[in-house]
Amino acid sequence: MKAYFKSEAVVGKVTRALAGFCLMVVFALFLMNILTRASFISWNPTWIDEIIQFFLVYMIFLSAAELVRTGDHFMVDILVDRMHGKASGRYCRLISTVIMLITYAVILYFGIKLCIKTNVKATFTLPSVVKMSWFYACIPLSALFMVIYAVRDVIYAVQDILTGGEITRRQDLEKQAALSEDEDAKAIAEAAAALEKESKKDTQERI
């Protein structure tokens, strides 16, 4: 398992770096696209839009895979928070992770089918050797990593049930340790505590 977690951390760093690189390319090409529309510039490459699309979709799907790895996707966690640390919460976690695994597997399957289908279709402005499947390849690629991370989460959920919540307690401690080192998180926590204190003070004064 240690080897897996080390490789996962490396993959996470590479994914972040690639997504960041894609973002920089998109920004540079957007800027170039704006500048080339000026009346005094005669050069107006038609391929910029498709290159922007290429790097934009890769940035989005690579980032999505990394968010699945870290568990930082947007989620409605009202029920999860209420059941946190309880047996019902552990079973809820198992159900949600299984649903996510199925979802990512479906995306992977149809992503592969889409790439196979579009492998003969050329782009509009790029050389004919560049196929549309190159654009769509980011879907099964990111979905593959999502499936791997979802399998990891399902294993965690099963272990959490078998150990009576030991996995949850360990992850809570890891999150607290990470937050204690995060200056932004500290500032947010202090601001929230100050607001709560002011709210209690106002309530007492009204009473």
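The coordinates are above.
Thresholds applied
- Residues numbered from 1 in each chain as written.
- Predicted model: local features only at pLDDT ≥ 70, side-chain atom pairs only at ≥ 80, totals over all residues.
- Heavy atoms only, no water.
- Helix = DSSP H or I, 4+ residues; strand = E, 2+ residues; numbered from the N terminus.
- Rg over C-alpha atoms; globule rule 2.2 N^0.38 Å.
- Buried < 20%, exposed > 50% of the residue type's maximum accessible area, 1.4 Å probe, protein only.
- Contact = heavy atoms within 4.5 Å.
- Areas by Shrake-Rupley, 256 points an atom, 1.4 Å probe, with all protein chains shown as cover.
- Lys, Arg positive; Asp, Glu negative; His and termini not counted.
- Charge placed at Lys NZ, Arg CZ, Asp CG, Glu CD.
- Salt bridge = Lys/Arg side-chain N within 4 Å of Asp/Glu carboxyl O.
- Axes fitted to C-alpha atoms, helices over the stretch in contact; angles between N-to-C directions.
- Parallel < 35°, antiparallel > 145°, perpendicular 65-115°, else oblique.
- Left-handed = near helix turned anticlockwise from the far one by under 90°.
- Nonpolar A, V, L, I, M, F, W, Y, C, P; charged D, E, K, R; others polar.
- Core = buried A, V, L, I, M, F, W, Y, C linked by side-chain atoms within 4.5 Å.
- Phe/Tyr/Trp six-rings, centres within 6.5 Å; stacked < 30°, edge-to-face > 60°.

Enquirer: How should the overall build of the protein chain be read in this particular structure?
Expert: A tally of regular secondary structure across the protein chain gives 8 helices and 0 strands. Scaling as 2.2 N^0.38, a compact globule of 207 residues should have a C-alpha radius of gyration of about 17 Å, whereas the protein chain reaches 23 Å, well beyond that. Its C-alpha atoms give the protein chain principal-axis dimensions of about 70 × 45 × 30 Å. Here the protein chain, with 207 residues, has 29% of them falling under the buried criterion. Contacts spanning at least 24 positions in sequence make up 68% of the contacts within the protein chain whose residues lie at least 6 apart. Accessible area of the protein chain: about 14500 Å², with a carbon and sulfur share of 69%. Side chains of the protein chain give 23 positive and 21 negative charges; the mean places of these two sets differ by 7 Å.

Enquirer: Which parts of the structure should I look at to understand the pattern of salt bridges?
Expert: Side chains that differ in sign of charge can pair as their charged atoms come close. Inspection of the entire model under this criterion finds 7 salt bridges. Note that Glu8 is salt-bridged to Arg152, the shortest N-O span being 2.8 Å. Of this pair, Glu8 sits in helix α1 (residues 2–35) while Arg152 sits in helix α6 (residues 138–162); the two residues are 144 residues apart in sequence, bridging distant segments of the chain. Each member of the pair, Glu8 as well as Arg152, is classed as buried. Each of Glu8, Arg16, Glu66, Arg69, Arg152 and Asp153 takes part in salt bridges that share partners, so that together they form one network.

Enquirer: Would you mind going over the packing of α1 against helix α2 (residues 48–70) with me for this structure?
Expert: Any two packed helices are characterised by how steeply their axes cross, that is the angle between the axes, and by the distance between the axes. Remark: α1 packs on α2, axes separated minimally by 8 Å, with the N-to-C direction vectors making an angle of 150 degrees. Comparing the axis directions of α1 and α2 gives the class roughly antiparallel. The crossing of α1 and α2 is left-handed. Taken together, the residues of the contact of α1 with α2 break down into 19 nonpolar, 5 polar and 5 charged.

Enquirer: How should the nonpolar core be read in this particular structure?
Expert: For soluble globular proteins, nonpolar side chains are generally found buried alongside one another. Counting 16 residues, the largest nonpolar core has Cys22, Leu29, Ile51, Ile52, Phe55, Leu126 and Phe135 as the members making the most contacts within it. Listing elements by their share of this core, those giving two or more residues are α1, α2, α5 (132–136) and α6. Among the elements that make up this core, the one with the highest residue count is α2 (6 residues). Those residues in contact with Phe55 that lie beyond four places of it in its chain are Phe21, Cys22, Val25 and Val26. Residues Ala64, Tyr104, Met146 and Ala150 belong to the second largest nonpolar core, which totals 10 residues.

Enquirer: Looking at this structure, how should I read the side chain of Arg152?
Expert: Overall, Arg152 belongs to the buried group, its relative accessible area being 11%. In this structure Arg152 touches Tyr4, Glu8, Val68 and Arg69, once residues within four positions along its chain are discounted.

Enquirer: What exactly am I supposed to notice about the packing of aromatic side chains here?
Expert: What characterises a pair of aromatic rings is the spacing of the ring centres plus the angle enclosed by the ring planes. In total, this model carries 8 aromatic pairs according to the counting rule given. Between Phe54 and Phe135, the ring centres sit 5.3 Å apart and the planes meet at 85 degrees, which makes this aromatic pair edge-to-face. Of the two residues, Phe54 is situated in helix α2 and Phe135 in helix α5; the sequence distance between them amounts to 81 residues. Take Phe135: its relative accessible area is 7%, and that puts it in the buried class. Taken together, the aromatic side chains of Phe21, Phe54, Phe55, Tyr58 and Phe135 make up a single cluster linked through ring pairs.

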